[in-house]
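Notes for the structure review
The residues making up each chain are set out below.
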Amino acid sequence: MRTPAFPMLVVLLGLSILAAASALFVAVNQPWLGVVLSPGDDGSVVISRVQRTDFETNLNGGERLDAIGSKSTGSITVSAIDIIEEPDTLNSYDALNAFRERQSALSGIQNQDRVWLDVTSASGGAHRVHIAPFTARPAWALPFEFWLQLIVGCGGLVLGGWVWVLRRREAGPLYFFISGVGLMASALSAAIYGTRELSMPKDLLIVLSGVNYAGTVSFGAAIICLLAVYPKRIASDRQLIVIWVATVLATGMTVGQLPLFQYLGIYPVMVVQFVAIGALIAVQLYLSQRNPVARAALGWFGLSILAGTSVFVFAIATPLLIGLEPQVSQASAFGVILLIYAGLALGVARYRLFDLDIWAFRLGSYFVGAMLLVGLDAFLIYGVAVERVPAFGIALLVVGLVYLPLRNAIGARLSHSLNLTKQTFPQLVEIALERVPDRQIALWHTLLTERLNPLTVETAATVSKVALVENGEGLLIPGHLNLPPLRLQFANGGRRLFSQRDVDQVQNLVDLISHAIDSSDAREQGVRQERTRIARDLHDNIGAQLLRTLHTPDLQRKDTIISETLADLRDIISNAQGNGMALDEVLAELRYETNERLALAGLQLRWHYSGTADAGISARLAHTLRSVVRECASNTIRHAQATELSIEITEFNGKIGLTVSDNGKGFDEAAPKPGRGLNNIYSRILGEGGSLSITGTRGTRIDASFPLVEGGLT
């Protein structure tokens, strides 16, 4: 049975808190003078700040501490070496052992009930200050560097444990967790002795220094083992055991002071581990050429490893090996490593792998740019003897003019992102206008293939928006109408993962093609509606006029009706909107026309209109009203077997009411069989936003109402 992840995370968090509490306990249980000491430029010790106010004699910041003593021990002169942050930077075992002996002697003085401090003021006056050291150091008196390293240690354990708990079936996360344990051991031990006030017992120093060194080399060994098994195993278990045996032997020899020189036993091991890490990263990158998931993670945490370890190697270890002072403090280096360690956790945990390659390139390019700037600046100062200010300006100018354009060009080449070019929009229009579904789908596939070059394109389940799946291996694209939803697998021919930028760009593409297809369909629908309108108008108006011509015996009248018919035909084709016309004029013409048609067919017209005298109506609504009345008259003449037709029109509060009824045979309402004419009446009235009802119990009766929303005259 496997332990659930959450309880294990709680346990790891508890262990990190316990380790931090233990380090804090050791740090505060040291005698405390109440001063903050810093090294002077001449090798002396300077009191930079006073943290207590209960001294018998004034003690001020900026004064020099010359010696410390007590009645039982006498005085010991202090120097900058006594407050050195990392004793391992001393260049010989004799110096290291002498330092430890002096630390024990100074610690013995600090443990006395009363001690004195011999100080020299800024003006050069010497005086002695008597104080009573506290038996414990308050937590608030601990410097920032202590808390920073405390956070680094706990963060290393928690991050390493988090990755291991999430991926316990893999060897890589296990070694990553071991590296977190090593980082915690190194950081917490350094936090205790590196931020001591003045001194610490010899035995405690030896233990803490040993733990610090063991944690540091264990961190390096665990990273080497991690790269030996992840993402592709390139070392056997026996070879991994050899790495740990060598690490244990190196630790034992260094702590036992067996190497010839003190600095040969500590920092060369770190340099060797750094070189091995770089070589393994190169090998893994080569082996992961055909695995974009592994390559994305490897590129990210490989960069993190190199950036983090290079801080120690190039800022601390290398300067000591060539006889220079460390360029950064150990606490600052630990702070940088914690940030890098979070990047390692993302890479090994494979969180958002689809963006890791982009982040890795950006951070890596910034790191390289900073290194080039610093390196060129140093070369101009020390190699060419240029003044500092001009040297920095020249270096900044060269990096800005040469490196940054090169970085942008490389980034654009490596991004492989979807770009919407001028050629994309004609392709979108072509897809939207294509009416054959298979051809439209093929054009859509071609566009996506040209822009993203996926390894495969398959039909997928319905999705609402573009989304990444399986750590960026696949890209889901929603469908629209004839276009099916798709799943694209591996971008750039299988050489990279899809990124969040691909998601944003493809979503824009999907939105554009959806809008284009909808617009094309709306246009087609408008064309169909216009065709239907013309057919309906031809049936209602032209048919009625031709029927009227057929029943007119007067040749001169026939010519007049034909002229009116041609005018109606032009109106149908153009569907003129005009500025509107008077409603009473439209109705007068319509009444005359309808009465003439009915009289020729032997029917009587009853006409009634009520409304305002100046009511106006648009050309379109006038056309609709004429078409409905003409169709009703035609149906009555041809089908109703009626003797009279009644038409009542009312205009009130911006609405037109129309009632048309006859005294004919009507129709069976239980099984109505409306013809084309009645369907046209329905379409016209409903198209104007009106309502319509038709009954056939006592003759046919049509009641219609529609808004007068486009009145042309007021």
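As the structure is a computational prediction, the values presented were derived from the model and not from experiment.

Our next topic: the environment of valine 211. You can see valine 211 is positioned in helix α5 (residues 202-229). What makes valine 211 partly exposed here is its relative accessible area of 34%. Along the sequence, valine 211 and serine 186 sit 25 residues apart, while their C-alpha atoms lie 6.5 Å from each other. Among residues more than four places away in sequence, those in contact with valine 211 are Ala185 and Ser189.

Let us now look at the nonpolar core. Counting residues in each nonpolar core, the largest one holds 32 residues, and the members touching the most others are Ile617, Leu625, Ile647, Leu658 and Ile681. Listing elements by their share of this core, those giving two or more residues are α16 (583-600), β12 (604-610), α17 (619-640), β14 (644-652), β15 (655-662), α18 (676-687), β16 (691-695) and β17 (701-707). For this core, the element with the highest residue contribution is α17, accounting for 7 residues. When residues no more than four places from it in sequence are discounted, the contact partners of isoleucine 647 are Thr594, Leu605, Arg606, Trp607, His608, Val629, Leu658, Thr659 and Val660. One finds Ala23, Val165, Met184 and Tyr193 within the second-largest nonpolar core, a separate group that totals 26 residues.

Among the 7 residues of strand β3 (residues 64-70), 5 are classified as buried, and the element is accordingly described as predominantly covered. The sheet contact formed by strand β2 (residues 45-50) and β3 spans 2 bridges and is antiparallel. In the strand pairing of β3, valine 46 is matched with arginine 64. Examined bridge by bridge, β3 and strand β4 (residues 74-77) share 4 bridges and lie antiparallel to one another. Bridge pairing links isoleucine 68 to isoleucine 76 in β4.

So, about a nonpolar patch on the surface. Side chains of Ile394, Leu397, Val398, Leu401 and Val402 sit close together on the surface and give an oily, nonpolar patch of about 460 Å² of accessible area. Its location among the elements puts isoleucine 394 in helix α11 (residues 388-415).

What follows concerns the packing of α5 against helix α6 (residues 237-255). At a minimum axis distance of 10 Å, the contact between α5 and α6 shows a crossing angle of 165°. For the element pair α5 / α6, the angle class is roughly antiparallel. Viewed along their axes, α5 and α6 form a crossing whose handedness is right-handed. Every residue of α6 that contacts α5 at Gly210, Tyr213, Ala214, Val217, Ser218, Ala221, Ala222, Ile224, Cys225, Ala228 and Val229 is listed here: Leu240, Ile243, Trp244, Thr247, Ala250, Thr251, Thr254 and Val255. Here the residues of the contact of α5 with α6 are counted per class, giving 14 nonpolar, 5 polar and no charged.

It is worth spelling out the pattern of salt bridges at this point. Summed over the entire model, instances satisfying the criterion amount to 9 salt bridges. With its nearest N and O atoms 2.8 Å apart, the salt bridge here joins arginine 64 to aspartate 66. Take arginine 64: its relative accessible area is 33%, and that puts it in the partly exposed class. One salt bridge connects arginine 233 with aspartate 237, and the closest N-O pair in it is separated by 3.3 Å.

One open sheet holds the 5 strands; their spatial order is β12-β14-β15-β17-β16, and the pairing between them is mixed. Strands at the two margins of the open sheet, each flanked by one partner only, are β12 and β16. Direction aside, neighbouring strands of the sheet carry axes that sit 10° apart on average. Sheet topology places β12 next to β14; 7 bridges connect them, and they run parallel.

What follows covers the side chain of threonine 659. Locating threonine 659 in the fold gives a position in strand β15. What makes threonine 659 buried here is its relative accessible area of 16%. In terms of polar contacts, threonine 659 uses its side chain to reach the side chain of aspartate 703, at 2.9 Å. Apart from the residues lying within four places of it in its own chain, the contact partners of threonine 659 are Ser646, Ile647, Glu648, Arg701, Ile702 and Asp703.

Here the focus is the packing of aromatic side chains. Under the criterion given, the structure shown has 4 aromatic pairs. Taken together, a centroid distance of 5.0 Å and an interplanar angle of 15° make the contact between tryptophan 164 and phenylalanine 177 stacked. Taken together, the residues tryptophan 164 in helix α3 (residues 144-166) and phenylalanine 177 in helix α4 (residues 171-194) connect sequence positions 13 residues apart. Aromatic ring contacts, followed pair by pair, group Trp32, Phe134 and Trp140 into a single cluster. In this arrangement the basic side chain of arginine 52 is found over the ring face of phenylalanine 134, its NZ or CZ atom lying 4.1 Å from the centre.

Attention now moves to the sheet that holds strand β7 (residues 456-459). Read from one edge of the open sheet, 4 strands run β7-β10-β9-β8, paired in antiparallel fashion. On the outer flanks of this sheet lie β7 and β8 (467-469), each paired with one strand and no other. For this sheet, the mean angle separating the axes of adjacent strands, direction not counted, is 25°. Inspection of the sheet shows strand β9 (residues 474-477) paired to strand β10 (residues 486-489) by 4 bridges, in the antiparallel sense. Along β10, the bridge assignment pairs isoleucine 477 with leucine 486.

Attention shifts here to a negative patch on the surface. Taken together, Asp584, Glu585, Glu589 and Asp614 make up a surface patch of like negative charges. Locating aspartate 584 in the fold gives a position in helix α16. Take aspartate 584: its relative accessible area is 34%, and that puts it in the partly exposed class.

Our focus in this paragraph is the environment of phenylalanine 176. Locating phenylalanine 176 in the fold gives a position in helix α4. Looking at phenylalanine 176, the relative accessible area reads 0%, which means it is buried. Expressed as a C-alpha distance, the spacing of phenylalanine 176 and glycine 156, which sit 20 residues apart in the sequence, is 9.7 Å.

A separate point is the side chain of glutamate 86. The topology assignment puts glutamate 86 in the loop between β4 and α2 (93-110). There is no salt bridge for the buried glutamate 86, and the closest opposite charge comes from arginine 100, which lies 7.9 Å off by N-O distance. At 2.6 Å, the side chain of glutamate 86 forms a polar contact with the side chain of tyrosine 193.

Next up on the list: unusual backbone geometry. With an omega dihedral of 5°, the bond running from tyrosine 230 to proline 231 counts as a cis peptide bond. Here proline 231 lies in the loop between α5 and α6. One non-glycine residue, asparagine 453, lies in positive phi territory at about 50°. With respect to the helices and strands, asparagine 453 occurs in the loop between α13 (437-452) and β7. Asparagine 453 sits in the partly exposed class, given a relative accessible area of 33%. With a phi angle near 55°, asparagine 653 is a residue other than glycine that sits in the positive phi range. As for its placement among the helices and strands, asparagine 653 is situated in the loop between β14 and β15.

A word on α2. Its 18 residues give α2 an end-to-end C-alpha distance of 25 Å, which sits within 8% of 26 Å, the value for a rise of 1.5 Å per residue. Listed as buried for α2 are Tyr93, Leu96, Phe99, Arg100, Gln103, Leu106, Ser107, Ile109 and Gln110.

When pLDDT is averaged along the chain, the result is 79; 76% of the residues meet or exceed 70. The model gives residues 351-356 a pLDDT under 50, and that stretch makes 24 contacts with residues more than four places away or in other chains. Residue range residues 710-714 is modelled with pLDDT below 50. Its contacts to residues more than four positions away, or to other chains, number 19 contacts.

Scoring rules and cut-offs
- Residues numbered from 1 in each chain as written.
- Predicted model: local features only at pLDDT ≥ 70, side-chain atom pairs only at ≥ 80, totals over all residues.
- Heavy atoms only, no water.
- Helix = DSSP H or I, 4+ residues; strand = E, 2+ residues; numbered from the N terminus.
- Buried < 20%, exposed > 50% of the residue type's maximum accessible area, 1.4 Å probe, protein only.
- Contact = heavy atoms within 4.5 Å.
- Core = buried A, V, L, I, M, F, W, Y, C linked by side-chain atoms within 4.5 Å.
- Pairing = 2+ DSSP bridges.
- Patch = residues over 30% accessible without salt bridge, like charges linked within 9 Å, V, L, I, M, F, W, Y side chains within 5 Å.
- Areas by Shrake-Rupley, 256 points an atom, 1.4 Å probe, with all protein chains shown as cover.
- Salt bridge = Lys/Arg side-chain N within 4 Å of Asp/Glu carboxyl O.
- Axes fitted to C-alpha atoms, helices over the stretch in contact; angles between N-to-C directions.
- Parallel < 35°, antiparallel > 145°, perpendicular 65-115°, else oblique.
- Left-handed = near helix turned anticlockwise from the far one by under 90°.
- Nonpolar A, V, L, I, M, F, W, Y, C, P; charged D, E, K, R; others polar.
- Polar contact = N/O pair within 3.5 Å; in protein donor to acceptor, adjacent residues only side chain to side chain.
- Phe/Tyr/Trp six-rings, centres within 6.5 Å; stacked < 30°, edge-to-face > 60°.
- Lys NZ or Arg CZ within 6 Å of the ring centre and 35° of its normal.
- Lys, Arg positive; Asp, Glu negative; His and termini not counted.
- Charge placed at Lys NZ, Arg CZ, Asp CG, Glu CD.
- Expected span 1.5 Å × (residues − 1).
- pLDDT = per-residue confidence, 0-100.

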